[in-house]
Each structure stands twice: as C-alpha cells, then as structure tokens.
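Chain by chain, the residues run as shown.
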Amino acid sequence: MYQNGYMYDPFNAYNGYYTRQPQYYKSFQDALRLIKDAIQGEREDELFYDYLISVAPTKEEKNIVQTIRDDERKHNQMFRKIYRDFTGQEVQVQEDVDFQKPKSYLDGIKKALFGELAAMERYRDIRAGLPNRYYRDMVFEILTDELKHADKYNYILIANVMRRMGR
C-alpha cells in the first residue's frame, strides 16, 4: 500500500511507519541504450542464424536453430515496441553488415550458446531499468526464451559429441 509516494512495510522494525522504496534497480536510460544495442545487432544475428541453419548436419538441428532464429525475430520486434513506446522513435539499423563465418558449425553453436548467456545478462539489466510491470514482463518472456535457447544449444553440442562417439 502506498501513501504519498511511500510504501507501508508491515515487517519494518518501525511498524506503522512509511518507508521510501527505490523506483528502479537499474537506470532507465541504460535500459534504453541496451535495447537500442540489441536491435542494432539484428542484421548480423540474422546472417549468423541463417549460416548455422545452412550447415546444420541434421534436420532436427536445422529445426532447432530455425525456432531459435524465429524467437530472436520476435524479441527484436518486442524490443522495437518498447523503444518506440518510450521514445517515440524507431531504431535505425545498418543493413550492410559484415558477417564473419565461424571456423565450423560447432564453433558457431558454441558462439551462439555464449551469446545467449551474455544476452541474458544484458536483458536482465534492461528489465531492471524499465518503469512498469507490462514492459518488465515482456523482457521476462525474452529472458526465459534465452534460457531455453541456451539449453537447446547445449543439446546440439551433446548430440554432436554423442554422434562422434558412435552413440
């Protein structure tokens, strides 16, 4: 319960007093900058996922990477909406991006796995800097997808190791 911008804390040692609660855990401006950065990496990510799909050794792995790519497209649209809703502006992305192919399919999967984990850390800061639950819930959906993606990349790595061992 709030009164005059203060929150009543029934477990406070000073029971009955109101205490000031911080509004944001992280900076809102930092959250917007991180959202813009996430959107601007879109074209390179698209080329990277298309490459992984093209060299995946099995139909199952192609399908897994395609579902991840499709989720990433959805995330990009969600971040664009958040940015537009707060700033009234569209993020401009560079179309002519240099794409560096990984040394191998498995190197690409490893890069993708660690990319998902790094994204989770950035998105966690985005979520913490947003001012209301609606947008924080949108980013929570993205975060849980990133966890799911990391698990899928681990599955692909294990499947490839098992194939090499003849299992």
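First, a word on what this report is: a plain description of the structure on this page. (Residues numbered from 1 in each chain as written. Predicted model: local features only at pLDDT ≥ 70, side-chain atom pairs only at ≥ 80, totals over all residues. Heavy atoms only, no water.)

Glancing now at the packing of aromatic side chains. All told, the structure shown has seven aromatic pairs when counted by the stated rule. Measuring from centroid to centroid gives 4.7 Å for F86 and Y135, while their planes differ by 55°, and the two rings are tilted. On the criterion of sequence distance, the pair formed by F86 in helix 3 (residues 59–87) and Y135 in helix 5 (residues 133–164) is long-range, its members being 49 residues apart. Taken together, F28, F86, Y134 and Y135 form an aromatic cluster joined through their ring pairs. (Phe/Tyr/Trp six-rings, centres within 6.5 Å; stacked < 30°, edge-to-face > 60°. Helix = DSSP H or I, 4+ residues; strand = E, 2+ residues; numbered from the N terminus.)

Here we come to the pattern of salt bridges. Inspection of every chain in the model, using the stated rule, returns 16 salt bridges. One salt bridge in this structure joins R33 and D30, with 3.9 Å as the shortest N-O distance. With a gap of three residues between them, R33 and D30 both fall in helix 1 (residues 28–40), about one helical turn apart. Judged by relative accessible area, which is 43%, R33 ranks as partly exposed. When its relative accessible area of 37% is taken as the criterion, D30 is described as partly exposed. Linking K148 and D71 is a salt bridge whose minimum nitrogen-to-oxygen distance equals 3.4 Å. In this pair, K148 sits in helix 5 while D71 sits in helix 3, placing the two residues 77 residues apart along the sequence. Of the residues examined, K148 reaches a relative accessible area of 35% and is grouped as partly exposed. Residue classification places D71 among the buried residues on the basis of a relative accessible area of 14%. (Salt bridge = Lys/Arg side-chain N within 4 Å of Asp/Glu carboxyl O. Buried < 20%, exposed > 50% of the residue type's maximum accessible area, 1.4 Å probe, protein only.)

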